[in-house]
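# A closer look at the structure
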Amino acid sequence: MIRAFLTKVGILSNKSAKPGTADGGKPIIIDRSQHGISRANISENALKVLYRLHRHGYQAYLVGGGVRDLLLGLHPKDFDVVTNAKPEDIRRVFRNCRLIGRRFRLAHVYFGHDIVEVATFRGKTDEQSEDLSHSEKGMILRDNVYGTISEDVWRRDFTLNSLYYNIADFSVVDYTGGYADIKAKRLRMIGDASVRYREDPVRMLRAIRFACKIGFEIPQDLSQPMLELKELISHVSPGRLFEEMMKMFHSGSAYPVYEQLIKHQLFAELFPATSDALKQASFPTHELLTIIFQNTDNRIQQQKTVTPSFIVAGLLWHPICLQAQTHIDNGIAVFPARIQAIEDLLRKQGQRISIPKRIVQGAREIWMLQMRLVRRHGKRAQQLMMEPRFRAAFDFLELRALAGEPVGELVSWWKEYIEGDPAQRRELVKALGFKKKKKKIRRKREEDPAT
Ligand code: ATP
Ligand code: MG
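Residues numbered from 1 in each chain as written. Chains lettered and ligands numbered in written order. Predicted model: local features only at pLDDT ≥ 70, side-chain atom pairs only at ≥ 80, totals over all residues. Heavy atoms only, no water.

With that out of the way, let us pick up the side chain of Thr159. With respect to the helices and strands, Thr159 occurs in the loop between α6 (149-152) and β9 (163-166). Exposure remark for Thr159: the relative accessible area of 1% places this residue in the buried category. Sequence-distant contacts of Thr159, that is, excluding residues within four places in its chain, are made with Thr176, Gly178, Asp181, Arg188 and Ile190. (Helix = DSSP H or I, 4+ residues; strand = E, 2+ residues; numbered from the N terminus. Buried < 20%, exposed > 50% of the residue type's maximum accessible area, 1.4 Å probe, protein only. Contact = heavy atoms within 4.5 Å.)

Laid out in structure tokens, this is it:
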């Protein structure tokens, strides 16, 4: 009796309801007067889409992160809509619409720069269906079987992501006990975590991201299988991993995410070379990453922009230094050794996570400037300050000093130079010592460690 009640209010999971099999179980309906979600906090465009679908006779719900974040009192960053209208129907209802996706076919409804994503309910898994395909390892490759809300819900990942806000009566529809889980600060997988991680290994990263972002614990039954299945991350496409990496590090909880990725040995799957650098004592890699991630989180909290190139620069900086040392030990001069190391590491990392060219280029400039900031004679310091990436490169140098790299004096010099008037700047350059003859400088350049 008690168990039946707890199951009904969602405190206990409905064990008979297996993912992927609609068992006809009745959802809990949380009335508009109880859940506290106000339409004032839902984007105007998402509401337009919901109302329009509803007016055309379709069911229309907000689902996923939008509902979760509203219930948690956070500001959702986007609103996902789900409906029983098929993609072609959605296109007929909205002129400003494009169908996208192969793995999941979705509609994007455009309002200028704003896009509202509209999905059709996913259906029961028919293992024979051509619309569903798995890899040898159990990973879902394509999933375009349509269904009803009571089928769709079991395909979602966590109970807190499986709540539907119904535009017809403004209630929240809860099949999995997600509402009670949110209230109890509980992250719970729908179904067996191992099976769900095997189907889609990105769910391991999502578990960490959500737990860190909203401050929930990662329970043992979600945590343990990560250690066993971590290698499956390497089967995920590098493009998808890039998207997930951006979400993890821009969530406002980059540092806790980093700690959890290390704890669950997933960091090494995403950034193998950085993980190797962490194991060596040569550079303060952990300190640098800690400072960069904490800095990123602070900036997001203050609603400042964060530069993905900067994070990439931080992640690969010490692996690059280590690799450059190997090249130097093999007789290559310092400057070309560094350049070669940069390209080596970008190639290696690109096999795991495909980082867009523009972000890579930004990181490359920050790394190159780390070497150039050492050489300040003559007009060089003045020219360096004109470089578009100078500020980012100097900030990066400062973080390296904070992390414990021996570049403190260089940072102080640059600080004085940046703040100084022209006369003071001339003095600072003069104090570096006399400029040597050109020929000698060229030779020196090749011997000079870039610090
Ligand atoms: P946010 O947008 O804040 O990152 P979200 O939960 O909305 O979080 P989305 O990627 O926008 O994440 O996905 C929307 C919803 O789709 C999720 O809430 C979840 O219900 C479902 N979903 C997304 N990715 C998966 C997945 N890998 N496995 C199962 N369900 C998923
Ligand atoms: Mg979302």
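The next point concerns the coordination of the magnesium ion (ligand 2). Protein coordination of the magnesium ion (ligand 2) is provided by Asp78 (OD) and Asp80 (OD), with donor distances spanning 2.5 to 2.7 Å. Given a relative accessible area of 35%, Asp78 falls into the partly exposed group. (Donors = N, O, S within 2.8 Å, 3.2 Å for Na, K, Ca; no water.)

Looking at ligand 1, there are 18 residues lining it, with Gly65, Arg156, Asp200, Arg203 and Arg209 nearest. In the model, an oxygen atom of ligand 1 is placed 3.2 Å from a nitrogen or oxygen of the Asp80 side chain. Within the contact set of ligand 1, a nitrogen atom lies 2.7 Å away from a side-chain nitrogen or oxygen of Arg203. Relative to its unbound accessible surface of 580 Å², ligand 1 loses 85% to contact with the protein. When its residues are assigned to classes, the shell around ligand 1 shows 1 nonpolar, 3 polar and 14 charged. (Near = heavy atom within 4 Å. Polar contact = N/O pair within 3.5 Å; in protein donor to acceptor, adjacent residues only side chain to side chain. Areas by Shrake-Rupley, 256 points an atom, 1.4 Å probe, with all protein chains shown as cover. Nonpolar A, V, L, I, M, F, W, Y, C, P; charged D, E, K, R; others polar.)

In the predicted model, the chain carries a mean pLDDT of 89, and the fraction of residues at 70 or more is 86%. With pLDDT under 50 throughout, residues 1-24 is counted as low confidence; its partners more than four residues away or in other chains account for 39 contacts. (pLDDT = per-residue confidence, 0-100.)

Alternating positions in strand β4 (residues 97-100) separate cleanly, Cys97 and Leu99 being buried on one face and Arg98 and Ile100 remaining unburied on the opposite face. Where β4 meets strand β5 (residues 106-111), 4 bridges bridge the pair, whose relative direction is antiparallel. Each bridged residue has a counterpart across the sheet, and for Ile100 the counterpart in β5 is Leu106. (Pairing = 2+ DSSP bridges.)

Once that is clear, we can look at the packing of helix α16 (residues 308-329) against helix α18 (residues 357-372). The geometry of α16 relative to α18 is characterised by a closest axis approach of 8 Å and an angle of 55° between their N-to-C directions. If you check the angle between α16 and α18, you find them oblique. In the packing of α16 onto α18, the handedness of the crossing is right-handed. Seen from α16, the contacting residues are Pro308, Ser309, Phe310, Val312, Ala313, Leu316, Trp317 and Ile320; seen from α18, they are Arg358, Ile359, Gly362, Ala363, Ile366, Trp367 and Gln370. Among the residues making up the contact of α16 with α18, the classes are represented as 11 nonpolar, 3 polar and 1 charged. (Axes fitted to C-alpha atoms, helices over the stretch in contact; angles between N-to-C directions. Parallel < 35°, antiparallel > 145°, perpendicular 65-115°, else oblique. Left-handed = near helix turned anticlockwise from the far one by under 90°.)

This brings us to the packing of aromatic side chains. For any two aromatic rings, the description comes down to two numbers: the centre-to-centre distance and the angle of the planes. Scanning the model with the defined rule gives 17 aromatic pairs in all. Each ring, one from Phe267 and one from Phe271, has its centre 5.1 Å from the other, and the planes form 45°; the classification is tilted. In this structure Phe271 comes out as buried when scored by relative accessible area, which is 2%. With 5.1 Å between their ring centres and 15° between their planes, Trp413 and Tyr417 make a pair best called stacked. You can see Trp413 and its partner Tyr417 sitting in helix α21 (residues 408-419), 4 residues apart, about one turn around the helix. These aromatic residues form a ring-pair network of at least three members: Phe249, Tyr255, Tyr258, Phe267, Phe271 and Phe293. Over the ring of Trp413 we find Arg376; its NZ or CZ atom is 4.8 Å from the centre of that ring. (Phe/Tyr/Trp six-rings, centres within 6.5 Å; stacked < 30°, edge-to-face > 60°. Lys NZ or Arg CZ within 6 Å of the ring centre and 35° of its normal.)

With that out of the way, let us pick up unusual backbone geometry. The backbone phi angle of Phe170 is positive, close to 65°, even though this residue is not glycine. For Phe170, the location among the structural elements is in the loop between β9 and β10 (172-174). For Lys185, which is not a glycine, the phi torsion comes out positive at approximately 55°. By the secondary structure assignment, Lys185 is in the loop between α7 (178-183) and α8 (193-199). For Lys185, a relative accessible area of 53% puts it in the exposed group.

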